[in-house]
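If you want the building blocks of each chain, they are given just below.
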Amino acid sequence: MTWRTVVISSRAKLELRLNYLLIRRDDLKKIFLSEISTIIIESTSVAITSALMCELIKRKIKVIFCDEKRNPCFELAGYYGSHDCSNKLRNQAAWTKETKDMVWARIVADKIKRQRDLIKYYGYDQEAELLASYIEEIQPGDISNREGHAAKVYFNALFGMDFSRKLTCDENSALNYGYAVILSAFNREIVANGCVTQLGIFHNNTDNRFNLGCDMMEPFRPLVDKLVYESHFKEFGPNEKHKVVDVLNKEVRVNDSKQYVSNAIKTYCKSILDAMFDNSPDLINCYNYEF
């Protein structure tokens, strides 16, 4: 089972040898590829061989590259995720608006439920009750924007009435970094299931390569919020980024069993695709917190 998230934060050369990732620096480190789910290359002084990249694609290992400020900026993704990807693409392009609206309403409900559970756990009972009322008011396609109303109440409860997602601050830097990691994990699973990330359910920005990933990740944002809230970051440097990356290795509950977040993402992604292809939102299977 893949479970490791490998972060390369300094000058290194990455190579492939006998199913191992070789990390050459002043020393030599070997990691078995079958253990790796994600590689994050933070430094722009890292060299990687094409042989290794091809093998990472074959094994569907997500590789995220960062810019000079160590912020995620692009990722390695293969053309083909499954043997029937052409058929999947035809079906994906034919998703109906009715199905999209039903599934998007379910995704929004899943997101607000996790937001409600989190702030209730922290003692914000009044705000949690308000979010619970929003869940009951969600309509197909979320045409009344319960998601947006819930977000305002939720973030003000966690980070204060003066907080805004538009502010330049350490909290938002940490949130954005964590969301990028979650998004990349979803993009990996979408491709692995033979679909494309560009064709979304609700998000449809022509400049966004990851519309579908942006749709699916919404209920997983609160996991990043929880980590940032509890960490009380005074700054957001390399050590803090490594802590945020570890969100993929946290445990949640899926089907009454403990699962790593990375496995919960796999389950949720597959369930949404099943719901879209079968026109049945009841197939969607989201996680619950492991408080």
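Scope of this entry: the structure provided in the associated data block. From a predicted model like this one, the values you see are computed outputs, not experimental measurements. (Residues numbered from 1 in each chain as written. Predicted model: local features only at pLDDT ≥ 70, side-chain atom pairs only at ≥ 80, totals over all residues. Heavy atoms only, no water.)

## Comments concerning empty space enclosed by the protein
Then, in step 1: In total, this model carries one cavity of 30 Å³ or more according to the counting rule given.
Then, in step 2: Roughly 100 Å³ of internal volume is contained in the largest cavity.
Then, in step 3: Looking at the largest cavity, it is lined by eleven residues, and the ones nearest its centre are Ser-37, Ala-185, Arg-188, Glu-189 and Ser-262.
Then, in step 4: Broken down by secondary-structure element, the contributors of at least two residues to the lining of the largest cavity are β5 (36-41), α6 (170-192) and α10 (261-278).
Then, in step 5: Residue contributions to the lining of the largest cavity peak at four residues, all from α10.
Then, in step 6: Classifying every residue of the lining of the largest cavity by side-chain character gives three nonpolar, five polar and three charged. (1 Å grid on protein atoms, 1.4 Å probe; cavity = no way out; pocket = protein on both sides within 12 Å on 5 of 7 lines; lining within 4 Å. Points joined across faces, edges and corners; volume = space filled by probe spheres on them. Helix = DSSP H or I, 4+ residues; strand = E, 2+ residues; numbered from the N terminus. Nonpolar A, V, L, I, M, F, W, Y, C, P; charged D, E, K, R; others polar.)

## Topic: the side chain of Asp-215
Then, in step 1: Topologically, Asp-215 is positioned in helix α7 (residues 211-216).
Then, in step 2: It turns out Asp-215 is buried and unbridged, and the closest side chain with the opposite charge, Lys-100, is 8.0 Å from it.
Then, in step 3: Leaving out residues up to four positions away in the same chain, Asp-215 has contacts with Trp-104, Ile-107, Gly-200, Ile-201, Phe-202 and His-203. (Buried < 20%, exposed > 50% of the residue type's maximum accessible area, 1.4 Å probe, protein only. Lys, Arg positive; Asp, Glu negative; His and termini not counted. Salt bridge = Lys/Arg side-chain N within 4 Å of Asp/Glu carboxyl O. Contact = heavy atoms within 4.5 Å.)

## Quick look at the nonpolar core
Then, in step 1: In terms of nonpolar packing, the biggest core is built from 72 residues, with Ile-182, Phe-186, Ile-201, Phe-220, Ile-272 and Tyr-287 touching the most fellow members.
Then, in step 2: Take this core: its biggest share by element is ten residues, from α6.
Then, in step 3: Judged by nonpolar contacts, the second largest core, of 18 residues, contains Val-6, Ile-8, Ile-61 and Phe-65. (Core = buried A, V, L, I, M, F, W, Y, C linked by side-chain atoms within 4.5 Å.)

## Details of the pairing of strand β9 (residues 251-254)
Then, in step 1: Only one face of β9 is buried, namely the one carrying Val-252 and Val-254, since none of Glu-251 and Arg-253 on the opposite face is buried.
Then, in step 2: For β9 and strand β10 (residues 257-260), the ladder comprises four bridges, and the chain directions are antiparallel. Across the sheet, Val-252 pairs through a bridge with Gln-259, a residue of β10. (Pairing = 2+ DSSP bridges.)

## Some details on the sheet that holds strand β8 (residues 72-76)
Then, in step 1: Ordered in space as β1-β5-β7-β8, the four strands form an open sheet in which the pairing is mixed. Strands at the two margins of the open sheet, each flanked by one partner only, are β1 (4-8) and β8. Averaged over all neighbouring strand pairs, the angle between strand axes comes to 20°, with direction disregarded.
Then, in step 2: With four bridges connecting them, β5 and strand β7 (residues 62-66) associate as parallel partners. (Axes fitted to C-alpha atoms, helices over the stretch in contact; angles between N-to-C directions.)

## Some thoughts on unusual backbone geometry
Then, in step 1: For Asn-145, which is not glycine, the phi torsion reads 55° and is therefore positive.
Then, in step 2: Positioned with a positive phi, Asp-256 is a non-glycine residue whose angle comes to about 65°.
Then, in step 3: Structurally, Asp-256 can be placed in the loop between β9 and β10.

## What about the packing of aromatic side chains?
Then, in step 1: Enumeration over the complete set of coordinates arrives at 20 aromatic pairs.
Then, in step 2: Residues Tyr-121 and Phe-291 carry aromatic rings whose centres are separated by 4.1 Å and whose planes lie at 10° to one another, so their mutual orientation is stacked. Here Phe-291 lies in the segment after α10 and Tyr-121 lies in helix α3 (residues 97-121), a separation of 170 residues in the sequence.
Then, in step 3: Given a relative accessible area of 47%, Tyr-121 falls into the partly exposed group.
Then, in step 4: Ring geometry for Tyr-154 versus Phe-155: centroids 5.1 Å apart, planes at 70°, classification edge-to-face.
Then, in step 5: One Lys or Arg, Lys-30, reaches over the ring of Tyr-20 and ends 4.8 Å from the middle of that ring. (Phe/Tyr/Trp six-rings, centres within 6.5 Å; stacked < 30°, edge-to-face > 60°. Lys NZ or Arg CZ within 6 Å of the ring centre and 35° of its normal.)

## Regarding the packing of α6 against α10
Then, in step 1: Packing of α6 against α10 brings their axes to within 9 Å, and their N-to-C directions diverge by 50°. Considered as vectors, α6 and α10 are oriented oblique to each other. Two packed elements cross with a definite hand, and for α6 against α10 that hand is right-handed. Between α6, through Ile-182, Ala-185, Phe-186, Glu-189 and Ile-190, and α10, the contact on the second element is made entirely by Val-261, Ile-265, Lys-266, Tyr-268 and Cys-269.
Then, in step 2: The residue inventory of the contact of α6 with α10, partitioned by class, reads eight nonpolar, no polar and two charged. (Parallel < 35°, antiparallel > 145°, perpendicular 65-115°, else oblique. Left-handed = near helix turned anticlockwise from the far one by under 90°.)

## Description of the packing of α6 against helix α9 (residues 238-245)
Then, in step 1: Look at α6 against α9: their axes get within 9 Å of each other, and the N-to-C directions meet at 45°. With respect to each other, α6 and α9 are oriented oblique. Here the hand of the crossing between α6 and α9 comes out right-handed. Here α6 contributes Ala-174, Tyr-177, Gly-178 and Val-181 to the contact with α9, which in turn contributes Lys-241, Val-244 and Val-245.
Then, in step 2: Residue composition of the contact of α6 with α9, by class: five nonpolar, one polar and one charged.

## Focus on the sheet that holds strand β3 (residues 20-24)
Then, in step 1: If you trace the four strands from one edge of the open sheet to the other, you get β4-β3-β2-β6, paired in mixed fashion. With partners counted over all chains shown, the strands left at the sheet margins are β4 (28-32) and β6 (46-48), one partner each. Ignoring strand direction, the axes of neighbouring strands in this sheet form an average angle of 20°.
Then, in step 2: Direction of pairing for β3 relative to β4: antiparallel, over a ladder of five bridges. Residue pairing for β4: Ile-23 is matched across the bridge by Lys-29.
Then, in step 3: Those strands touched by helix α1 (residues 50-58) are β2 (12-17), β3 and β6, and its axis lies near 65° from that of β2.

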